[in-house]
Amino acid sequence: MLFTIGEVLIDFVAEQKGCSISEATSFRKIAGGAPANVAAAVAKLGGKSALITQVGQDGFGDFLIQSLANAGVDTSYIQRIEQANTGLAFVSVKSDGERDFSFYRNPSADLLLAPENVQESWFKEGDYLHFCSVDLVESPMKETHRQVIQWVKAKNGTISFDPNVRLSLWENPDDCRQAILDFIPYAHILKISDEELAFISGIEEESAALQSLFVGDVEAILYTKGAEGAVLITKEHSFYQQGFKVKVEDTTGAGDAFIGSFLHQLVAHGVKKEGLVSFLTENHSEMLTFANAAAALTVTGKGAIGALPKLPVLEKFISEGVQDNELARII
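Residues numbered from 1 in each chain as written. Predicted model: local features only at pLDDT ≥ 70, side-chain atom pairs only at ≥ 80, totals over all residues. Heavy atoms only, no water.

1. A word on the overall build of the chain
Across its full length, the chain holds nine helices and 13 strands. Taking 20 Å as the expected radius of gyration for a compact globule of 331 residues, we find that the chain reaches 18 Å, a close match to that expectation. Seen through its principal axes, the chain has C-alpha atoms that stretch 50 × 45 × 40 Å. For the chain, the residues scored as buried account for 57% of the 331 residues in total. (Helix = DSSP H or I, 4+ residues; strand = E, 2+ residues; numbered from the N terminus. Rg over C-alpha atoms; globule rule 2.2 N^0.38 Å. Buried < 20%, exposed > 50% of the residue type's maximum accessible area, 1.4 Å probe, protein only.)

Right, here's the structure in full:
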C-alpha cells in the first residue's frame, strides 16, 4: 500500500498559453496537489493508494474527494473541517514554458491537520509513504509529517520524498531550503530535478551536489533532467535512461506521474526497504522506462489526474513509443 501525505487543492489552470497569471483571462478547474497526483498515478495503474490530508467543508473539498475517488484513490483518510477552506492554486504556462503559480491558503485546511488527528493503526508492515515540501511550512501539518514518517519507519516501511520546490509559498527561500534539508535524511528514495539540485544542495557541480544528498537513510536518488531523461543513483551505481519524444500539451503533474509510476512498480513487486537497492540495481532500465513513459503520456493531456495513464495505455505506449535524444521536456 502506498500512502501519500500533504496538500490536495484546486488548480485553476489558465486557458491561455504563453502568458502569466496576471495576463490570463479564464481558468479551468482541476484537482491538484503533488501528493494527491502521486496517489492518483498509483491508483490509475491498478495499485492501492491513499491520501492523508484535510479539506474544508466546501464545494471545492467535495470536488477533490470525488475526483480522487474516481481515480481509485482511497479517500477515507481525508478529513473535513470548518475552520479553514480548501486550498486553491492558480497556474499558467508562460511563453518560455515555465509555470507561474499563485497560491491561496492562509492557512488552508490541509495545513491544520494535527498529529492527534492521525492514527498509527492506519499503517501496516512494509507500507510506502510519499511526501513533498509544500506542506512543510511551519504548521500542524509539518509535525504530522514527522509523526507519520516515524510510524511508517517503525513498521519497516519505505519513505519517498520529492521536494517539488514551490518558492512562492515561502516567505523566505532559505526557510524552504532548510525544511527540505531537514526532511531529506528521513527518506529512503529522493526525487529531485535538475532545476532544484543546486538550490537544495548549495553546490553547483552536479556530481558533488548529488553525492551530498546521500545523508541519513537516503539509499536511492531519482534525478530528473527534463529533455535529457532521468538518472537513478545509488551509493555505488548510476543508471541513465532517456525519455520519450512527445508533443507537450500541459506539463502539470509530469513529475508526479514519474515518481508515482516508479513507486507503483516497487509496491506491485512487494519490494521491502532492505531489498530496495538490489531490486533497483537489477531492474533500473525497466523502472526508469516505465516512469519516463508515464510522465510523457501525462504531458500529452490536460491537467494532472485526468491525464495520468492507465496501465494498458502505458504498456502499449512503451511497446510502440519512440525514444529520442531530441525530447520534449517531460519531467
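2. Structural notes on the state of the cysteines
A full pass over the atoms with the stated rule returns zero disulfides. Cys-132 carries a free sulfur, and the closest cysteine sulfur to it, the one in Cys-176, is 12 Å from it. (Disulfide = S-S within 2.5 Å.)

3. Thoughts on the sheet that holds strand 9 (residues 158–162)
As summarised here, the arrangement of the nine strands in space is 5-4-1-8-9-10-11-12-13, forming an open sheet in which the pairing is mixed. Strands with a single pairing partner mark the edges of an open sheet, and in this sheet they are strand 5 (78–81) and strand 13 (238–241). Across this sheet, the average inter-strand angle for adjacent strands is 15 degrees, counted without regard to direction. Across four bridges, strand 4 (residues 49–56) lies against strand 5 in parallel orientation. In the strand pairing of strand 5, Val-55 is matched with Arg-80. (Pairing = 2+ DSSP bridges. Axes fitted to C-alpha atoms, helices over the stretch in contact; angles between N-to-C directions.)

4. Comments concerning the pattern of salt bridges
Applying the stated criterion to the full structure yields eight salt bridges. As a salt-bridge pair, Asp-217 and Lys-153 come within 2.3 Å of each other at their nearest N and O atoms. Taken together, the residues span a long stretch of sequence, with Asp-217 in the loop between helix 6 (206–211) and strand 11 (220–224) and Lys-153 in helix 3 (residues 140–154) at a distance of 64 residues. For Lys-153, a relative accessible area of 24% translates into the label partly exposed. The salt bridge involving Glu-206 is made with Lys-225; its shortest N-O contact spans 3.6 Å. (Salt bridge = Lys/Arg side-chain N within 4 Å of Asp/Glu carboxyl O.)

5. Topic: the sheet that holds strand 6 (residues 88–93)
Read across the sheet, four strands follow the order 3-2-6-7 without closing on themselves; strand pairing throughout is mixed. The open sheet has two edge strands with one neighbour each: strand 3 (27–32) and strand 7 (99–104). Here the average twist between neighbouring strands, direction ignored, is 25 degrees. As defined by bridge partners, strand 2 (residues 9–14) adjoins strand 3 across six bridges and the pair is classed as antiparallel. Residue pairing across strands places Ile-10 opposite Ala-31, the latter belonging to strand 3. Strands strand 2, strand 3 and strand 6 of the sheet are contacted by helix 2 (residues 59–71), whose axis makes an angle of about 60 degrees with strand 3. (Contact = heavy atoms within 4.5 Å.)

6. Examining the confidence of the model for the chain
Counting all residues, the mean pLDDT for the chain is 92, and 96% of those residues have values of 70 or more. Across residues 323–331 the pLDDT falls below 50, and counting only partners more than four positions away or on other chains, this stretch makes 44 contacts in the model. (pLDDT = per-residue confidence, 0-100.)

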